[in-house]
Amino acid sequence: MQLAVVVLLVGAALVALVVQAQRGSMADARHRTLAAAQAFANSPGIVPALDSPDPTAVLQPHAEAARKASGVDAIIVYRLDGITLTHSDPKQIGKHVIGPYAEAAEGKAFTRTFQGALGLSVISAVPVKNASGSVVAIVSSPVRVEEVQHVVNRQLPVLFGSAAGALALAAGGAGLMSRRLLRQTHGLGPAEMTRMYEHHDAVLHAVREGVLIIGGDGRLLLANDEARRLLDLPEDAEQRHITDLGLEADLVELLTSDRPATDEVHLAADRLLSVNKRPTAPYGPTSSVVTLRDTTELRALAGRAEMARERLRLLYDAGMRIGTTLDVARTAEELAEVAVPRFADVVTVELLDPVLRGEEPPGASTEMRRIAAVGLEGDHALYPVGELIRFVASHPTAAAVAGGRAVIERDLSTSDGWRAHDPERAQRVLDNGIHSLIVVPLRARGVVLGTAHFWRAKGSPPFEEEDVSFAEELAARAAVCIDNARRYTREHTMAVTLQRSLLPRELPEQTAVEAAYRYLPAQAGVGGDWFDVIPLSSTRVALVVGDVVGHGLHAAATMGRLRTAAHNFSALDLPPDELLGRLDDLVAHIDAEEAAAGEYGQGITGTTCLYAIYDPASGQVAAATAGHPGPAVVHPDGTAVFPQVPVSPPLGLGAGLPFEIAELAVPEGSRLVLYTDGLLQDRDVDVALEALRSALAGPDRTPEATCAAVIEALLPARTNDDVALLVARTRRLDPSQIAGWDVPRDPAAVAPVRTACVRQLADWGLEEIAFTTELILSELLTNAIRYGTEPITVRLLRDRTLICEVADGSSTSPRLRRAGTTDEGGRGLFLVAQFAERWGTRYTPTGKVIWAELPLHGGATPAVEGLGEILFGEGVPPGDSWGKDDTES
């Protein structure tokens, strides 16, 4: 389009120039012809020449010279009668020319375009006057139009060349300008540019954000409608300096400075504006673009959003911090600690007394005990922690408990119900600056456990309705945790009670060892670790530790079952390997019963146990373990060792395989240390055992001191697993307390052994029980000779009781039965049972031992007087039946 316009302009200019050239040439021809004619007509010698006899001869040369000098086609002189005197064409001289010369003949010069002998010409005619002023001739000077056109034609190449150059220059300029515009407009055409400008202009003035463009000299170059509204700018604000617009000083300082800004908040009248400023360089001239947003309402919304976000964060923190323990009081304290000071200045928590004991509250009550108080400093008027508070019916707490919803008191000074509870204390509370209260019941499973009081003091705004829902949410989360802690307290109390009833309350009296123990329940509650010290026959003692899988009531009950079973099995005088075998069968049987009953997940397979028997007469320890750590032995010199004890699978996994037993010889005064794996605290076994060795080693200590040292060295304040520790320092029987004899398998050998035993009793000062002892030994020895096999031995042990042992190589066991009236035998063991405190049979690798215990003092019991009637019938004395013959007895 630009090129077309340029072509039209150049064409029009060219036509105008050609026309102008033609007009100029014609005017020039007129002027030249008229000048040439006037010059020749007024020449000094023309009149005399006309008067001469041959005017043509005189004038023709001069006419030709004038023609050539003036550049006209001819200088023609006519007489008044029309006869040509001079002409550029000699043929025309003397001819009569007809033309528009009448006007010249009258004395007036003129110029005309005339079709003459030379063709269409521009001709000027001038009269020649004599001295008297009369016209004597006419001089004309023609120029052919064809000659004029030749002049114009000679100018046309220049004109057309100039036009072409102008056209090329215009086209090149237009092309360059178009290219630059396309580059600057990124290829957008005029329509697109127009549409974009219209859109930009519409957006600039319609957007809800003020836009300012400020020049480098601080003048306002542009302001959209929103900026005018926000800053209240005058109509003629543009092109004025920023300092003349009446803006706030800090905003003026920002707008006139060179520094950029991002979301800076400035005051403009009653609005808070968020200001962003960026320089336009290097994308344009030195200036700045400023955007403005009205954040007055946004600030208020942001404040509410920030409060909501803080409340959500507080609820999240409450979920993380409340209920970290299963302690009711500590959970209440955690609720108070979370809410202070982020929600309230002071928080107090009150719970019903049954909740503190782990019991179910019998019903809603306003009699509560304050358990926690956080935020109180110095002298305050609120009830202290531990105080039992009986809230009156008008108190907000009573209303909260009765309605099951939170109660808000925005201004405590106007709350008559709250003040009526304790007017004097209420006034002191107000004097301390506390002015607002929310009471929230702690409800779980529809049961009110207590209340939480949220207080605000001076410096904090009063509670609003929107705070009530948050307080209820916070209290609801805490109530669930408190109820969980309450139920745990109840179950834990039951489990502890059960466990304490199942564990030894005190160690039995015995001579073999001096023992001490420690039992530490796990942090998560009671478990299945157990220990025991069981006196056995012949002054021996059994030391037992075990670890039942799991924690809680099931583990505690299972531990009680296993401990009872171990007691019963030990009464059979079983060696450690056989006793563990029976426990293994029992555990497998229990698991099978529970699996049959559908109680999956409660199995006790994997329970471990260590059973050791110490014999003070020989100083030997026989030990067997079912998946349990072996014992430690601390020698009298303080050296601690861990003897190798064959480890068998845990109980329930033995699959009927026999357990292995280890025999150890320990010096007198050594300490046997039995423990559960909780003492090792899940550390590397080698590291834990080395730490235990270090704690045990050192100078001789009592078992009690040893327990204290081990617990202090190895355990933290709270443990993750149960810990059972049993320390037993060994004792030995003095050889003077032991007497023994080998007996041949001959009935005649009974009398000498019996006599030797009576003599030994006399040496021990036990003559008063000699008869009873003699009677029991006679019966046991006679049975061994009659029914047993060699070797046969008799041993007396003097300890807290007198122990009589008869051993033989037979594995048959006698049994007690009531003999009939006519039976000749079957009364011997009945005699033993009547005179001995205890009696029994234990098996050895080489046979069996039948033993009986008698008190050291007291002699024959009164029952001896009538024993003959019991055994042989009425009126038959014992002596008559037994006689004096040893073999018969």
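Since the model is a prediction, treat every value here as computed from it, not as a measurement.

1. Some remarks on the overall build of the chain
Okay, step 1: When helices and strands are counted, the chain shows 24 helices and 32 strands.
Okay, step 2: Counting the 889 residues in the chain, one finds 44% classified as buried.
Okay, step 3: When contacts within the chain are restricted to residue pairs at least 6 apart in sequence, those whose partners lie at least 24 apart make up 60%.
Okay, step 4: Summed over all atoms, the accessible surface of the chain reaches about 43800 Å², with 55% contributed by carbon and sulfur.

2. A few points about the packing of helix α21 (residues 770-787) against helix α22 (residues 828-835)
A packed helix pair is summarised by two numbers, namely the angle formed by the two axes and the spacing between the axes.
Okay, step 1: At a minimum axis separation of 9 Å, α21 and α22 run at an interaxial angle of 150°. Of the two possible hands of crossing, α21 and α22 adopt the one that is left-handed. Between α21, through T772, L775, I776, E779 and L780, and α22, the contact on the second element is made entirely by G828, L829, L831, V832 and F835.
Okay, step 2: Of the residues assigned to the contact of α21 with α22, the class counts are seven nonpolar, two polar and one charged.

3. Comments concerning the sheet that holds strand β7 (residues 220-223)
Okay, step 1: Spatially, β7-β6-β10-β9-β8 is the arrangement adopted by the five strands of the open sheet, whose pairing is antiparallel. Looking at strand neighbours, the two that pair on one side only are β7 and β8 (261-268), the edges of this open sheet. For this sheet, the mean angle separating the axes of adjacent strands, direction not counted, is 25°.
Okay, step 2: Pairing of strand β9 (residues 271-279) with strand β10 (residues 287-294) involves seven bridges; the strand directions are antiparallel. Looking at β10, one finds that K277 is bridged to V290.

4. Remarks on the packing of helix α20 (residues 750-763) against α21
Okay, step 1: Two elements in contact, α20 and α21, have axes whose closest approach is 10 Å; the angle formed by their N-to-C orientations is 150°. Of the possible angle classes, the one that applies to α20 and α21 is roughly antiparallel. Considering how the two elements wind past one another, α20 and α21 form a crossing that is right-handed. Between α20 and α21, the residues in contact are V750, V753, R754, C757, V758 and L761 and A770, T773, E774, L777, S778, L781, T782 and I785, respectively.

5. Quick word on the pattern of salt bridges
Okay, step 1: One pass over the structure, following the stated rule, counts 42 salt bridges.
Okay, step 2: Linked through salt bridges whose partners overlap, the residues forming this network are E360, R445, D483, R486 and R487.

6. A look at the pairing of strand β30 (residues 801-808)
Along any regular strand, the residues point their side chains to alternate faces of the sheet.
Okay, step 1: Burial of β30 is extensive: eight of the eight residues sit out of reach of the surface.
Okay, step 2: Burial along β30 is two-sided: the face carrying T801, I803, E805 and A807 and the face carrying L802, C804, V806 and D808 are both buried.
Okay, step 3: Pairing analysis gives six bridges linking strand β29 (residues 792-798) to β30, with the strands arranged antiparallel. Following the sheet pairing, T793 is matched in β30 by A807.
Okay, step 4: With eight bridges joining them, β30 and strand β32 (residues 847-855) adopt antiparallel strand pairing.

7. Here's the deal with the packing of aromatic side chains
Okay, step 1: According to the stated counting rule, one finds five aromatic pairs in the structure shown.
Okay, step 2: Each ring, one from F343 and one from F463, has its centre 5.5 Å from the other, and the planes form 45°; the classification is tilted. Remark: F463 occurs in the loop between β16 (447-456) and α15 (465-502) and F343 occurs in the loop between α10 (328-339) and β11 (346-351); sequence separation between them is 120 residues. Like F463, F343 is buried.
Okay, step 3: Taken together, the ring pairs in this structure connect F343, F454, F463 and F470 into an aromatic cluster.
Okay, step 4: Looking at R425, its charged tip hangs above the ring of Y383, at a distance of 4.1 Å from the centre.
Okay, step 5: Its end group placed over the ring of F343, R456 keeps NZ or CZ at 5.6 Å from the ring centre.

8. So, helix α14 (residues 423-431)
Okay, step 1: Every buried residue of α14 is accounted for by A426, V429 and L430. With its buried residues spanning 95° around the axis, α14 presents them on a single face. Counted as exposed and oriented over 90 degrees from the buried face of α14: E424 and D431.
Okay, step 2: On the buried face of α14, the contacting elements are α13 (416-421).
Okay, step 3: Just downstream of α14 lies G433, where phi reads positive at about 100°.

9. Thoughts on the environment of E106
Okay, step 1: On the secondary structure map, E106 appears in the loop between α4 (102-105) and β3 (110-116).
Okay, step 2: Assessed through its relative accessible area of 65%, E106 is described here as exposed.
Okay, step 3: Along the chain, E106 and V135 lie 29 residues apart, while their C-alpha atoms are 7.3 Å from each other.

10. Comments concerning the pairing of strand β19 (residues 541-551)
Okay, step 1: Within β19, eight of the 11 residues are buried, which leaves the element mostly enclosed by the surrounding structure.
Okay, step 2: Taking the residues that link successive antiparallel strands as the turn, the strand β18 (residues 527-535)-β19 hairpin has five residues, and the phi of S538 there is positive, at about 60°.
Okay, step 3: Note: β19 against strand β20 (residues 608-615), seven bridges, orientation antiparallel. Note that in β20 the partner of D547 across the bridge is T608.

11. A short note on the nonpolar core
Okay, step 1: If you look at the biggest cluster of nonpolar residues, it comprises 49 residues, and the most contacted ones within it are W530, L543, L580, L583 and Y611.
Okay, step 2: Apart from residues no more than four positions distant in its own chain, L543 is found in contact with D532, V533, L610, Y611, A612, L672, L674, L726 and A728.
Okay, step 3: Residues L315, L352, V447 and V468 belong to the second largest nonpolar core, which totals 44 residues.

12. Re the sheet that holds strand β27 (residues 723-730)
Okay, step 1: The strand order β17-β27-β26-β22-β23 describes an open sheet built from five strands, whose pairing is antiparallel. A single partner strand is all that each edge strand has here, and the edge strands are β17 (513-520) and β23 (640-641).
Okay, step 2: With eight bridges joining them, β17 and β27 adopt antiparallel strand pairing. Bridge assignment links E514 to a residue of β27, and that residue is R729.
Okay, step 3: In this fold helix α19 (residues 703-714) packs onto β17, β26 (671-675) and β27, with an angle of close to 30° to the strand it touches most, β17.

13. Regarding a nonpolar patch on the surface
Okay, step 1: Nonpolar side chains collect at one region of the surface, where M1, V5 and L9 lie side by side and expose about 380 Å² of accessible area between them.
Okay, step 2: Along the chain, M1 falls in the segment before α1 (2-41).
Okay, step 3: Classification of M1 as exposed rests on a relative accessible area of 87%.

14. Digging into unusual backbone geometry
Okay, step 1: For the peptide bond that leads from V340 to P341, omega is 0°, which places it in the cis range.
Okay, step 2: Locating P341 in the fold gives a position in the loop between α10 and β11.
Okay, step 3: The backbone of D263 sits at a positive phi, close to 50°, despite the residue not being glycine.
Okay, step 4: Counting through the fold element by element, D263 comes out in strand β8.
Okay, step 5: Judged by its relative accessible area of 40%, D263 falls in the partly exposed class.
Okay, step 6: In this structure, T539 takes a positive phi of about 65° despite not being glycine.

15. Details of the confidence of the model for the chain
Okay, step 1: For the chain, the average pLDDT comes to 83, and 90% of its residues sit at 70 or higher.
Okay, step 2: Low pLDDT, under 50, characterises residues 859-866; the predicted model gives this stretch eight contacts beyond four residues in sequence or across chains.

Analysis parameters
- Residues numbered from 1 in each chain as written.
- Predicted model: local features only at pLDDT ≥ 70, side-chain atom pairs only at ≥ 80, totals over all residues.
- Heavy atoms only, no water.
- Helix = DSSP H or I, 4+ residues; strand = E, 2+ residues; numbered from the N terminus.
- Buried < 20%, exposed > 50% of the residue type's maximum accessible area, 1.4 Å probe, protein only.
- Contact = heavy atoms within 4.5 Å.
- Areas by Shrake-Rupley, 256 points an atom, 1.4 Å probe, with all protein chains shown as cover.
- Axes fitted to C-alpha atoms, helices over the stretch in contact; angles between N-to-C directions.
- Left-handed = near helix turned anticlockwise from the far one by under 90°.
- Nonpolar A, V, L, I, M, F, W, Y, C, P; charged D, E, K, R; others polar.
- Pairing = 2+ DSSP bridges.
- Parallel < 35°, antiparallel > 145°, perpendicular 65-115°, else oblique.
- Salt bridge = Lys/Arg side-chain N within 4 Å of Asp/Glu carboxyl O.
- Phe/Tyr/Trp six-rings, centres within 6.5 Å; stacked < 30°, edge-to-face > 60°.
- Lys NZ or Arg CZ within 6 Å of the ring centre and 35° of its normal.
- Arc of directions from axis to C-beta.
- Core = buried A, V, L, I, M, F, W, Y, C linked by side-chain atoms within 4.5 Å.
- Patch = residues over 30% accessible without salt bridge, like charges linked within 9 Å, V, L, I, M, F, W, Y side chains within 5 Å.
- pLDDT = per-residue confidence, 0-100.

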